[in-house]
Amino acid sequence: MNRPLPAVRLRVPTHEDAFAWHRAFDDPEVMEFFGGTSATLSVYEELTARQRRHDAERGFCLWSLLGADDEVIGFTGAQPWPREWGPKGEIEIGWRIGRAHWGKGYALAAARETLDRVRAAGVPEVVAVIRPDNERSVAVARRLGMEPAETYTYPRLGVPTLCYRLVLT
């Protein structure tokens, strides 16, 4: 299907966006590939604060994704790989969208905007770490032109994840 993608707006997350992220992601379906359980509000407060620092220091972050009515519907963006396992030292792109907004093209449209922004910030290559059974995210990565490169085991869950790569230069 080649329908037009929605217009997206990305902004550096505010402290208030932690509440919006918490609400949007407080859903077992949204969190299925992240352990299946919701994170606490304090996790999102720390995450949004870290993203504001990333934006100030690097010129990119996980931005709040705004829907047509400027409601926060999720996030997309890029950040340094934040874990002790996986592609350490790499810049990861990612997206997470509230369930009510799935299937409308928001993830792909916002991820394309992310690639434009990180390319402009001088990032030469990005990765996306995705569980192979997360068909929606795998489809977004492929539509971005990303190719599977390595496999890692997600330690907490004991499941394989694929590391997709894309050269931006």
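Described below are features of the structure shown in this document. Everything numeric in this text was worked out from a predicted model, so none of it was measured.

### What to know about the packing of helix α1 (residues 17-25) against helix α2 (residues 41-58)
Then step 1. In contact at an axis separation of 8 Å, α1 and α2 are set at 130° when each is read in the N-to-C sense. By the criterion of interaxial angle, the relationship of α1 to α2 is oblique. Here α1 and α2 pass one another in a crossing that is right-handed. Contact residues: Asp17, Ala18, Phe19, Trp21, His22 and Phe25 in α1; Leu41, Tyr44, Glu45, Leu47, Thr48 and Gln51 in α2.
Then step 2. Among the residues forming the contact of α1 with α2, the class breakdown is 7 nonpolar, 3 polar and 2 charged.

### Details of α1
Then step 1. Along α1, the residues classified as buried are Asp17, Ala18, Ala20, Trp21, Ala24 and Phe25. Projection of α1 onto a plane perpendicular to its axis shows the buried side chains occupying an angular sector of 160°, all on one side.
Then step 2. In this structure, the buried residues of α1 make contact with β1 (9-11), α2, β2 (62-66), β3 (72-80) and β4 (91-97).

### Concerning the nonpolar core
Then step 1. Counting 31 residues, the largest nonpolar core has Ile93, Trp95, Val126, Leu144, Met146 and Tyr164 as its most contacted members.
Then step 2. When residues of this core are traced back to their parent elements, those giving at least two are β2, β3, β4, α3 (106-120), β5 (125-130), α4 (135-143) and β7 (159-167).
Then step 3. Per element, the largest residue contribution to this core is 7 residues, and it comes from α3.
Then step 4. Once you skip the residues sitting within four places of it in the chain, tyrosine 164 turns out to touch Val126, Val127, Ala128, Ile130, Val138, Ala141, Arg142, Met146, Glu147, Pro148 and Ala149.

### What about the pattern of salt bridges?
Then step 1. Overall, the coordinates contain 11 salt bridges when judged by the stated rule.
Then step 2. Between glutamate 29 and arginine 99 there is a salt bridge whose closest N-O contact spans 3.5 Å. Taken together, the positions of glutamate 29 in the loop between α1 and α2 and arginine 99 in the loop between β4 and α3 put the pair 70 residues apart, joining distant regions of the chain.
Then step 3. A residue is classified by how much of its surface remains accessible, and glutamate 29, at 43% relative accessible area, is partly exposed.
Then step 4. Note that arginine 165 and glutamate 150 form a salt bridge whose closest N and O atoms lie 3.0 Å from each other. Here glutamate 150 lies in strand β6 (residues 147-154) and arginine 165 lies in strand β7, a separation of 15 residues in the sequence.
Then step 5. For glutamate 150, a relative accessible area of 25% puts it in the partly exposed group.

Rules of the game
Residues numbered from 1 in each chain as written. Predicted model: local features only at pLDDT ≥ 70, side-chain atom pairs only at ≥ 80, totals over all residues. Heavy atoms only, no water. Axes fitted to C-alpha atoms, helices over the stretch in contact; angles between N-to-C directions. Helix = DSSP H or I, 4+ residues; strand = E, 2+ residues; numbered from the N terminus. Parallel < 35°, antiparallel > 145°, perpendicular 65-115°, else oblique. Left-handed = near helix turned anticlockwise from the far one by under 90°. Contact = heavy atoms within 4.5 Å. Nonpolar A, V, L, I, M, F, W, Y, C, P; charged D, E, K, R; others polar. Buried < 20%, exposed > 50% of the residue type's maximum accessible area, 1.4 Å probe, protein only. Arc of directions from axis to C-beta. Core = buried A, V, L, I, M, F, W, Y, C linked by side-chain atoms within 4.5 Å. Salt bridge = Lys/Arg side-chain N within 4 Å of Asp/Glu carboxyl O.

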